[in-house]
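# Structural features, examined
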Amino acid sequence: MSAPDESASSEGVGAGPGFTPREVTVHRHPDQLAKVTRALRATGRKVVLVPTMGALHEGHLELVRAARRVPNSVTVVSIFVNPLQFGPDEDFDSYPRSFDSDVEALGREGVELVFSPGRDELYGSDPQITVDAGEPGRDLEGASRPGHFSGVLTVVAKLLNIVGPNLALFGEKDYQQLVLLRRMVRELNIPTDVQGIPIVRESDGLALSSRNRYLDQRRRSAALVLSAALAAGAHAGSRGAEAVLAAAREVLAAEPEVKLDYLELRDPELGPPPETGEARLLVAAEVGGTRLLDNALVELSAAEAE
Ligand code: PAF
């Protein structure tokens, strides 16, 4: 394992012939990382942040690749399992942690800087101030996970303040999180552009998630109804909003292993769905105790009168 604030070479770890992986420097202390990114910005480099909770999969690596494509930039990946965004009965303790292989994977992608603070380094001993996600933070995921988005916004605000990135990238799988983060930087005047990157799926449609590791084979098969339901809903877009929801519900109902929390059609900012045009179909469900989320873009046409 790479010691914090030291260089960890990922050389030789699964790298193909002719490929030279980067030296990854892992920072644990906010002040040290802030100094490094400040110096990089002063030389004209753009700083791109990819916040993660580790347990990296292809979805995260796509964010990293998008970050690395930004001209004249340096990519910082944060790895921090944020206690503030987990409820008391949730999986903070058992959340998958794979720090060493995460750093190796990031080295293979050419990432130079990782920020992985301990809880005390990031929050100090008696934190009192948090970001309130307001009414939109109590909707959808927030209704089932009280306080979750306050935890997410608080940690991301801290990361943005420490790293000072020009751009921060997030996966569209956590669509509500992305909408709230965009709103936070707008409303709190944080000078970072927040962008979403499309969901990465397995070949059978399952949206990649660190929590997929909890699924045994039977539950993994059952979980496929989520993406299948979204596909059925999107396909019904030309028949209007009601038809979208009915088509998706029908697919979900065929899988008893899946306990639906919500299936909602909204506008792209998560307000009520439009009559026509772009909308988001969002689903959350438990499969054998594992909470899974997915969403898809739907093009709505006005339903034809009977
Ligand atoms: O999406 C995640 O992995 C987390 O919510 C984030 C944005 C890294 C904050 O802890």
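This structure is a prediction, so every number in the text was calculated from the model and none was measured. (Residues numbered from 1 in each chain as written. Predicted model: local features only at pLDDT ≥ 70, side-chain atom pairs only at ≥ 80, totals over all residues. Heavy atoms only, no water.)

### A short note on the UniProt feature "binding site: (R)-pantoate" (unreviewed entry) in the chain
Test applied: UniProt positions are given in the numbering used here, feature names are shortened, and annotations may be inferred rather than shown by experiment. Grid points spaced at 1 Å over the protein atoms alone were grouped into cavities, where a 1.4 Å probe fits but cannot get out, and pockets, open sets with protein on both sides within 12 Å along at least five of seven lines, with lining residues defined by an atom within 4 Å of a point. To qualify as a helix, a DSSP run of H or I must reach at least 4 residues; to qualify as a strand, a run of E must reach at least 2; elements of each kind are numbered from the N terminus. We call two residues in contact when some of their heavy atoms are within 4.5 Å.
Per the UniProt record, "binding site: (R)-pantoate" (unreviewed entry) is annotated on Gln 85 and Gln 177. Across 93 residues, the annotated set stays spatially compact, with a maximum C-alpha separation of 11.4 Å. Cross-referencing the annotated residues with the largest cavity identifies Gln 85 and Gln 177 as lining it. Here Gln 85 is to be found in the loop between strand S4 (73–79) and helix H3 (99–108). With residues up to four places along the chain from it excluded, the contact list for Gln 85 reads Met 53, Glu 90, Arg 145, His 148, Gly 151, Val 152 and Val 155. Tracing the backbone shows Gln 177 in helix H7 (residues 175–187). In contact with Gln 177, other than residues within four places in its own chain, are Phe 149, Val 152 and Phe 170.

### What about the pattern of salt bridges?
Threshold: Salt bridge, as applied in this entry: a Lys or Arg side-chain nitrogen positioned within 4 Å of an Asp or Glu carboxyl oxygen. Classification of residues uses two cut-offs on accessible area relative to the type maximum, computed with a 1.4 Å probe and protein chains only: under 20% is buried, over 50% is exposed, and between them is partly exposed.
Taken as a whole and assessed by the stated rule, the structure comprises 20 salt bridges. Residue Arg 291 is joined to Glu 141 by a salt bridge in which the shortest nitrogen-to-oxygen separation is 2.7 Å. Separated by 150 residues along the polypeptide, Arg 291 in strand S10 (residues 290–300) and Glu 141 in helix H5 (residues 141–144) bring together distant segments of the chain. The pair Arg 291 / Glu 141 is uniform in exposure class, with both members buried. The network of salt bridges with common partners includes Glu 58, Glu 62, Arg 65 and Glu 109.

### Focus: the UniProt feature "active site" (unreviewed entry) in the chain
In the numbering adopted here, UniProt assigns the feature "active site" (unreviewed entry) to His 60. Locating His 60 in the fold gives a position in helix H2 (residues 58–68). A relative accessible area of 12% places His 60 in the buried class.

### Digging into the nonpolar core
How we decide: Residue types Ala, Val, Leu, Ile, Met, Phe, Trp, Tyr and Cys, when buried and joined through side-chain atoms within 4.5 Å, form a set referred to as a nonpolar core.
Core analysis: the biggest nonpolar cluster contains 33 residues, and Val 76, Val 156, Leu 160 and Met 184 have the highest contact counts within it. Elements with a contribution of two residues or more to this core: helix H1 (30–42), strand S3 (46–52), S4, strand S5 (113–115), helix H4 (119–123), helix H6 (148–163), strand S6 (167–171) and H7. The biggest single contributor to this core is H6, with ten residues. Not counting residues within four places of it along the chain, the set of residues in contact with Met 184 comprises Val 131, Leu 153, Val 156, Ala 157, Leu 160, Asn 189 and Ile 190. Residues Leu 206, Leu 245, Leu 292 and Leu 300 belong to the second largest nonpolar core, which totals 27 residues.

### Brief notes about the pairing of S10
Along any regular strand, the residues point their side chains to alternate faces of the sheet. Condition: For two strands to pair, DSSP has to find at least two bridges joining them.
A large share of S10 lies buried, amounting to nine of its eleven residues. Linkage of strand S9 (residues 277–287) to S10, two consecutive antiparallel strands, is achieved through a turn of two residues, within which Gly 288 is found at a positive phi near 55°.

### Brief notes about empty space enclosed by the protein
Our working definition: Grid points are joined across faces, edges and corners, and a volume is the space filled by probe spheres set on the points. Under this grouping Gly is polar, as are all residues other than the nonpolar Ala, Val, Leu, Ile, Met, Phe, Trp, Tyr, Cys and Pro and the charged Asp, Glu, Lys and Arg.
Using the criterion set out here, one finds three cavities of 30 Å³ or more in the structure. Size it by volume and the largest cavity reaches roughly 850 Å³. Taken together, 46 residues make up the lining of the largest cavity; nearest its centre are Met 53, His 60, Lys 173, Asp 174 and Gln 177. Elements supplying a minimum of two residues to the lining of the largest cavity: S3, H2, H6, S6, H7, S9 and S10. The biggest single contributor to the lining of the largest cavity is H6, with six residues. For the lining of the largest cavity, the per-class residue count stands at 23 nonpolar, 14 polar and nine charged. Its volume calculated, the second largest cavity comes out at about 70 Å³. Gly 205, Leu 206, Ala 207, Ser 209, Asn 212, Ala 223, Leu 226, Ser 227, Leu 292, Leu 293 and Asp 294 are the residues that line the second largest cavity. Listing elements by their share of the lining of the second largest cavity, those giving two or more residues are helix H8 (217–235) and S10. Residue composition of the lining of the second largest cavity, grouped by class: six nonpolar, four polar and one charged.

### Focus: the packing of aromatic side chains
Our working rule: A pair of Phe, Tyr and Trp rings is counted when the ring centres sit within 6.5 Å of each other, with Trp represented by its six-membered ring. The angle between the planes then sorts it: under 30 degrees is stacked, over 60 is edge-to-face, the rest tilted.
Here the structure, examined in full by the defined rule, presents three aromatic pairs. With a centroid separation of 5.4 Å and 65° between ring planes, the pair formed by Phe 86 and Phe 92 is classed as edge-to-face. Classification of Phe 86 by relative accessible area gives buried; the value is 10%. According to the relative accessible area criterion, Phe 92 is partly exposed, its value standing at 21%. Geometrically, the ring pair formed by Phe 86 and Tyr 95 is edge-to-face, given 5.7 Å between the ring centres and 75° between the ring planes. The pair formed by Phe 86 and Tyr 95 is uniform in burial state, with each residue classed as buried. By the ring-pair criterion, three or more aromatic residues cluster together here, those being Phe 86, Phe 92 and Tyr 95.

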